[in-house]
Structures are given as structure tokens and as C-alpha cells.
Amino acid sequence: VLPVPYRVPVGRGRVERYPELRQLEVGDSFMVPIADTTLRMHTRRVTKETGSKFVVRSVVNDAGAAIGSRVWRKS
């Protein structure tokens, strides 16, 4: 009889894509050239781990085309 092997934890040793999130002070922000939905998923994970809260908004150019997303730390 072979024992069932344990699952390898997923995400361990993963490189932080936006380490700036963890370094933000309340009221600070930064912009990245990606869709706001992608950045929201990342901020959700950081919120669960740190308890910090963030706001993500799309950034548009003068023509109205999305050029990226900006994230602010709320608390």
C-alpha cells in the first residue's frame, strides 16, 4: 500500500510581480501598463496577505483609449 503523496504548495517561491504594492504608504499610487482586471486580481491577493486595502482605476489617454491602470493604497 502506497500512501497518497502530499500536494506541492502552489505559488511558493513565486516572484512578486508588483512588489511596489507592499511598499505603498496610505495615499500613494503607481501606474502600470496593464488592464485593471489583472491588477485587481493581484491587489486582492496582497489584501488577503497584508490587510491593506487598494483602489484600482483605468487610466485613459486624451482619445479615450485605456493605456494602463493606477492603484492607490487606501489603508
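Since the structure is predicted, the reported quantities are computational estimates derived from the model, not experimental observations. (Residues numbered from 1 in each chain as written. Predicted model: local features only at pLDDT ≥ 70, side-chain atom pairs only at ≥ 80, totals over all residues. Heavy atoms only, no water.)

A word on the pairing of strand S3 (residues 66-73)
With 4 bridges joining them, strand S1 (residues 29-32) and S3 adopt antiparallel strand pairing. Of the residues in S3, the one forming a bridge with Ser29 is Trp72. Direction of pairing for strand S2 (residues 54-60) relative to S3: antiparallel, over a ladder of 7 bridges. Its bridge partner being in S3, Ser58 is matched across the sheet by Ser69. (Pairing = 2+ DSSP bridges. Helix = DSSP H or I, 4+ residues; strand = E, 2+ residues; numbered from the N terminus.)

Looking at helix H2 (residues 36-50)
A rise of 1.5 Å per residue sets the reference length of H2, with its 15 residues, at 21 Å; its end C-alpha atoms lie 20 Å apart and thus fit the reference within 8%. Those residues of H2 lying buried are Asp36, Leu39, His42, Thr43 and Val46. The arc that holds every buried residue of H2, seen down its axis, measures 125°, which confines them to one face. Along H2, exposed side chains directed more than 90 degrees from the buried face belong to Met41, Arg44 and Lys48. Summarising the contacts, the buried residues of H2 are in contact with helix H1 (20-23), S1, S2 and S3. Directly beyond the C-terminal end of H2, a positive phi value near 85° is found at Gly51. (Expected span 1.5 Å × (residues − 1). Buried < 20%, exposed > 50% of the residue type's maximum accessible area, 1.4 Å probe, protein only. Arc of directions from axis to C-beta. Contact = heavy atoms within 4.5 Å.)

Some words on the environment of Val55
Considering the arrangement of structural elements, one finds Val55 in strand S2. Each C-alpha atom, one on Val55 and one on Arg70, is 8.2 Å from the other, the two residues being 15 residues apart in sequence. Beyond its immediate sequence surroundings of up to four residues, Val55 is in contact with Arg70, Val71, Trp72 and Lys74.

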